[in-house]
Amino acid sequence: MSPPAIIAPSILSADFAELGKACSDTIAQGADWLHVDIMDGHFVPNMTFGAPVVTKIRSHVDRPTGAYGKGTFDCHMMISEPKRWVRDFQKAGCDLYCFHYEAAVDSTAADSPAGTSSAKTSPKELIRFIHENGMQAGIAVKPKTSVDVLWDILDNPEEVERPDMVLVMTVEPGFGGQSFMASELPKVTELRKRYPELPIEVDGGLSEKTIDQAADAGANVIVAGSAVFGAADPGDVIKKLREAVDGRRGKL
Ligand SMILES: O=C(CO)[C@@H](O)[C@H](O)COP(=O)(O)O
Ligand SMILES: [Fe+2]
């Protein structure tokens, strides 16, 4: 059976002047995780914030008691040098470090401080490094990237080098409030067919209008930014997203 729904509101759509309160309120309204979008202005044409801000907002939310527990900080790293920031984000309180496949394979060495090699690293090595630093590891693919690049990574006999979650982007990364790309859902269908128990996250344009398609494909980790933070009743939206996913468990 596919894993249960995990609803992860993207705080990119929250009021940044009240970020700590937005985080604790959203968990109180029924969210499981907080999806924290980290953008470096290089991998994507937008910037958000770094580890010091994560440290501050972490103090507003209890740490999860186990893997995938309530309050998990799901950090979506839209950055060109994913290896460089692993230690800082672990210290800041990130629980799940989700890097982009495209960044790992294209990393270019920039002026990284001593001891924080930014040299090109393979996705498998990076997953191992994230695990060795005590976090779960996610791997994300942009719309133009085929999921075929993931089979070798997901089928790796070395467990420490296997990701704990795959994120299929359903918009081009960089901004909240974009339109959902249903064209990406065959990737989710294929992943779910091959890996019945794998947490599969979808991110971008998820709402009460688009959740049925994503849930039918087999997604169980649902990121929603504008749909949650723009709602009159965020708790009701979270509940409906959860029902759509859990209502399909065992039927996929
Ligand atoms: O990673 C991203 C955008 O790059 C997302 O996490 C968005 O922040 C989701 O926002 P909505 O599309 O749900 O408004
Ligand atoms: Fe995201």
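Residues numbered from 1 in each chain as written. Chains lettered and ligands numbered in written order. Predicted model: local features only at pLDDT ≥ 70, side-chain atom pairs only at ≥ 80, totals over all residues. Heavy atoms only, no water.

To be explicit about the condition: UniProt positions are given in the numbering used here, feature names are shortened, and annotations may be inferred rather than shown by experiment.
The protein chain appears in an unreviewed UniProt entry as Ribulose-phosphate 3-epimerase from Lophiostoma macrostomum CBS 122681. The heading Sequence similarities (unreviewed entry) in the UniProt record of the protein chain holds the text "Belongs to the ribulose-phosphate 3-epimerase family." Of the protein chain, the UniProt comment under Pathway (unreviewed entry) reads exactly: "Carbohydrate degradation; pentose phosphate pathway; D-xylulose 5-phosphate from D-ribulose 5-phosphate (non-oxidative stage): step 1/1."

**Considering the coordination of the iron ion (ligand 2)**
As a reminder of what qualifies: Any nitrogen, oxygen or sulfur atom within 2.8 Å of a metal ion counts as a donor, with the limit raised to 3.2 Å for Na, K and Ca, and since water is left out, coordination shells can look unfinished. Square planar and octahedral sites, with four and six donors, are those where opposite donors lie more than 155 degrees apart and all other angles lie between 65 and 115, tetrahedral sites have four donors with every angle between 85 and 135 degrees, and the rest are irregular. The helix and strand labels rest on DSSP assignments: H or I over at least four residues marks a helix, E over at least two residues marks a strand, and numbering proceeds from the N terminus. Type-normalised accessible area, obtained with a 1.4 Å probe on protein chains alone, sets the label of each residue: buried when under 20%, exposed when over 50%, and partly exposed for intermediate values.
For the iron ion (ligand 2), the full set of protein donor atoms is His 35 (NE2), Asp 37 (OD), His 76 (ND1) and Asp 203 (OD), and the range of their distances to it is 2.1 to 2.2 Å. Its six donor atoms give the iron ion (ligand 2) angles of 73 to 176 degrees at the centre, a pattern that matches the octahedral case. Each donor residue of the iron ion (ligand 2) belongs to the same chain, and together they define the spacing H-x1-D-x38-H-x126-D. A residue pair is termed long-range when its members are at least 10 positions apart, and His 35 in strand β2 (residues 33-39) and Asp 203 in strand β7 (residues 200-203) qualify at 168 residues. Of the two residues examined, His 35 and Asp 203, each falls in the buried class.

**What to know about empty space enclosed by the protein**
The following threshold applies: A 1.4 Å probe that fits into a set of points on a 1 Å grid over the protein atoms alone but cannot get out defines a cavity; an open set with protein on both sides within 12 Å along at least five of seven lines defines a pocket, and lining residues are those with an atom within 4 Å of a point. Grid points are joined across faces, edges and corners, and a volume is the space filled by probe spheres set on the points. For this classification, Asp, Glu, Lys and Arg are treated as charged, while Ala, Val, Leu, Ile, Met, Phe, Trp, Tyr, Cys and Pro are nonpolar and the rest, including Gly, are polar.
Under the defined criterion, the tally for this structure stands at two cavities of 30 Å³ or more. Space inside the largest cavity adds up to approximately 210 Å³. Taken together, 23 residues make up the lining of the largest cavity; nearest its centre are Phe 175, Gly 176, Gly 177, Asp 203 and Gly 204. Elements represented by at least two residues in the lining of the largest cavity include exactly β2, β8 (221-224) and α9 (226-229). Looking at the lining of the largest cavity, its residues break down into eleven nonpolar, ten polar and two charged.

**Considering the site of ligand 1**
We apply this condition: The rule for a residue being near a molecule or strand is that one of its heavy atoms must lie within 4 Å of it. Between N or O atoms, a polar contact is any pair within 3.5 Å; within protein, one atom must be a potential hydrogen donor and the other a potential acceptor, and residues adjacent in sequence are included only when both atoms are from side chains. Throughout, a molecule is located in a cavity or pocket provided that more than half of its atoms lie within 2 Å of its grid points.
Of all residues adjacent to ligand 1, which total 20 residues, the nearest are Asp 37, Gly 174, Asp 203, Gly 225 and Ser 226. A distance of 2.8 Å is found between an oxygen atom of ligand 1 and a side-chain nitrogen or oxygen belonging to Asp 37. Measuring from an oxygen atom of ligand 1, one finds a backbone N or O atom of Gly 174 at 2.7 Å. Placement of ligand 1 is best described as lying within the largest cavity.

**Points about the environment of His 131**
Threshold: Whether two residues are in contact is decided by their heavy atoms: any pair within 4.5 Å suffices.
As for its placement among the helices and strands, His 131 is situated in helix α5 (residues 123-132). Taking the C-alpha atoms as reference, His 131 lies 28 Å from Leu 185; in sequence the two are 54 residues apart. Not counting residues within four places of it along the chain, the set of residues in contact with His 131 comprises Gln 136, Ala 137, Glu 159, Val 160, Arg 162 and Asp 164. A distance of 2.7 Å separates a polar atom in the side chain of His 131 from a polar atom in the side chain of Asp 164.

**Side note on the pairing of strand β3 (residues 72-78)**
The test is simple: Only when DSSP finds a minimum of two bridges between them are two strands counted as paired. Orienting the strands away from the viewer, one traces the path from the first strand over the helix to the second; a clockwise path indicates a right-handed crossover.
Within β3, seven of the seven residues are buried, leaving the element largely enclosed by the surrounding structure. Taking every second residue as pointing to the same face, both faces of β3 are buried, with Thr 72, Asp 74, His 76 and Met 78 on one and Phe 73, Cys 75 and Met 77 on the other. Relative to β3, β2 is paired through seven bridges, and the arrangement is parallel. Its bridge partner being in β3, Leu 34 is matched across the sheet by Phe 73. Taken together, β2, helix α2 (residues 51-58) and β3 constitute a β-α-β crossover, and its handedness is right-handed. Bridging between β3 and strand β4 (residues 96-100) involves four bridges; their strand directions are parallel. Directly across from Met 77, in β4, lies its bridge partner Phe 99. Handedness of the crossover is the feature at issue here: the chain leaves β3, passes through helix α3 (residues 86-92), returns alongside β4, and the resulting connection is right-handed.

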